[in-house]
Amino acid sequence: MDVFACAGCRTELTAPVSRVALPVHTHHGAWEELHPPLMEPATYAVEPRPTGPPWRSWEEVGAEAAARQGVYAPVHSVSFGARGRIVIAPGDSRSTALIPEKCEGYCMGIDGRAGPNLACTGCGRAVATRIDDCGSWQTVWLEPDAVVRRPSGLPAGPPPGWADLERAEHRVPPVEPDGSWSRRWEAAVGVALAHLVAATDNHPVVLPAGPVADLLGHAVARYLPTGPDPRSVGLAGPGVPEPRPRPDVLLVPRHPGTGEPWRPPGPGAAVVPLDSGVWAHLAHPGETSPLPATGVLPEGVLRDDYPLPSRPRCLLEPHRGAFRATLVELPAIRSPRLRRYHDTARRS
């Protein structure tokens, strides 16, 4: 496990933490809602893209400079913040204090608009940004130039791997206990849809019957065209037999430790990466046997008595911000067909 310390005075700023994949919903929450911490306790992730202030308008920056920042189509503003910022759960931060004059926010907390708002209590150096305003997951972002990483001396547990995807606790259910759609699902579907549009060059698609079509069909119908020459889509990944014949596009999981998408053996289909917990729910939905069982009800099994659990009143809608932000960060958006798609969607 690692700890992060102040680069100026070497005061330890975190508890021992282990690296995991950056969650796909990191920058995509639900407006006017308070959110829980983004990261699990004792974990951290690294954002390789520029994030946070300073921001510059697309007109000021131009297409060439924006592309160097990883943005390939017009947006309102482009981040010129640091690359490699480290995100942890607020509960894992140590020896920091808020900088009062940098604690602006929208209405329910602080949003980091003025840059780092946490100072090291050892030397006063600005080292991190606390974010907990509405629409944002609760986070502490360590500034890469202000901290140093060093071994904690404590052994880490087994690193996350593909085998974790078959564990029931890794699956993310699409519906929250209150009957609303999972915010993590909404963001994950928005991100995946952007990759699907790019992988198919905005052609129609045919989804496999079952959970994929049931949960994603409405979103795909809204964001992708209908008509002739469709592309076939299938679910693939560790522990799941690959569909035959191989579809044009495979929905695959991201590695829970590195974030890299699973790759099928051999050449062929394009891949669309999915949040590993969302993919795990689609690939391993749990026990569905109609045979009688003894003992207590397994976790996740619904009772047939009254009242029944709440269910969403509408179909699953992808997070529009997640979809648009992901789409403009894919180099494929520069193709004429996808650029026309983006420009039309931007005006709608």
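What comes next is a walk through the structure. (Residues numbered from 1 in each chain as written. Predicted model: local features only at pLDDT ≥ 70, side-chain atom pairs only at ≥ 80, totals over all residues. Heavy atoms only, no water.)

1. Here we look at the nonpolar core
Operational definition: Here the nonpolar core consists of buried residues drawn from Ala, Val, Leu, Ile, Met, Phe, Trp, Tyr and Cys, with membership extended through side-chain atoms lying within 4.5 Å. The rule is simple: take the accessible area with a 1.4 Å probe, protein chains only, and divide by the maximum for that residue type; under 20% is buried, over 50% is exposed, in between is partly exposed. A run of H or I in DSSP becomes a helix once it reaches four residues, and a run of E becomes a strand once it reaches two; helices and strands are each numbered from the N terminus. Only heavy atoms enter the contact rule, under which two residues are in contact if any of them lie within 4.5 Å.
With 49 residues, the main nonpolar core has W185, L193, L196, L216, L251, W279 and F323 as its most contacted residues. Counting residues per element, this core draws most heavily on helix α3 (residues 183-200), at 8 residues. Residues in contact with L251, not counting those within four places in the same chain, are V212, L216, V233, G234, L235, A236, V272, L274 and W279. Grouped together as the second largest cluster of nonpolar side chains are 16 residues, F4, V127, L142 and A146 included.

2. Some details on the side chain of E47
Here is the rule: We define a polar contact as two N or O atoms separated by no more than 3.5 Å, with the added condition that, inside protein, one atom must be a possible hydrogen donor and the other a possible acceptor, whereas residues neighbouring each other in sequence contribute only through side-chain atom pairs.
Relative to the helices and strands, E47 is located in strand β3 (residues 43-47). By relative accessible area, E47 is classed as buried at 1%. Side-chain polar atoms of E47 contact the side chain of H27, separated by 2.8 Å. Contacts of E47, omitting those with residues within four sequence positions, involve L22, H27, R83, G84, R85 and W141.

3. Quick notes on the environment of V271
Checked against the element boundaries, V271 lands in strand β15 (residues 270-274). What makes V271 buried here is its relative accessible area of 14%. Note: C-alpha distance between V271 and P261 (10 residues apart in sequence) is 7.9 Å.

4. Observations concerning the sheet that holds β15
The condition that has to hold: Two strands make a pair as long as DSSP finds a minimum of two bridges between them.
If you trace the 4 strands from one edge of the open sheet to the other, you get β12-β13-β14-β15, paired in parallel fashion. With partners counted over all chains shown, the strands left at the sheet margins are β12 (205-206) and β15, one partner each. Looking at chain direction, β12 and strand β13 (residues 231-235) are connected through 2 bridges and run parallel. Across the sheet, the residue bridging to V205 is R231, located in β13.

5. Focus: the packing of aromatic side chains
The criterion, for reference: Here a pair means two rings of Phe, Tyr or Trp (six-membered ring of Trp) with centres within 6.5 Å. Their orientation is stacked below 30 degrees between planes, edge-to-face above 60, and tilted elsewhere.
Taken as a whole, this structure holds 4 aromatic pairs when the rule is applied. Between F4 and Y44, the ring centres sit 5.0 Å apart and the planes meet at 85°, which makes this aromatic pair edge-to-face. With F4 in strand β1 (residues 2-6) and Y44 in strand β3, this pair connects stretches of sequence that are 40 residues apart. A relative accessible area of 3% places F4 in the buried class. Y44 sits in the buried class, given a relative accessible area of 5%. An angle of 75° between the planes, with centres 6.4 Å apart, marks the rings of F323 and Y341 as edge-to-face. Taken together, the residues F323 in helix α6 (residues 320-328) and Y341 in helix α7 (residues 336-347) connect sequence positions 18 residues apart. Aromatic ring contacts, followed pair by pair, group Y223, F323 and Y341 into a single cluster.

6. Details of the pairing of β13
Test applied: If the strands point away from the viewer and the path from the first strand over the helix to the second runs clockwise, then the crossover is right-handed.
Where the polypeptide runs from β12 across helix α4 (residues 211-223) and back to β13, its parallel neighbour, the crossover connection is left-handed. In the sheet, β13 pairs with strand β14 (residues 249-253) via 3 bridges, with the strands oriented parallel. If you follow V233 over to β14, its bridge partner there is V249.

7. Thoughts on unusual backbone geometry
Note that the residue after P53, namely P54, is joined by a cis bond; omega there is 5°. By the element assignment, P54 lies in the loop between β3 and β4 (55-57). Of note, the amide linkage connecting R244 to P245 takes the cis form, showing an omega dihedral of -5°. Inspection of the secondary structure assignment puts P245 in the loop between β13 and β14. One non-glycine residue, S95, lies in the positive phi region at around 55°. Mapped onto the fold, S95 is located in the loop between β6 (85-88) and β7 (96-98).

8. Examining α3
Here is the rule: Here the expected length of a helix is defined as 1.5 Å per residue gap, with one fewer gap than residues.
The first and last C-alpha atoms of α3 sit 26 Å apart over 18 residues, in line with the 26 Å expected at 1.5 Å per residue. Burial within α3 is extensive, with 14 of its 18 residues counted as buried. N-capping of α3 is provided by S182, with a side-chain oxygen placed 3.2 Å from the backbone N of R184. Note on α3: the residue one or two positions beyond its end, D201, has a positive phi of about 55°.

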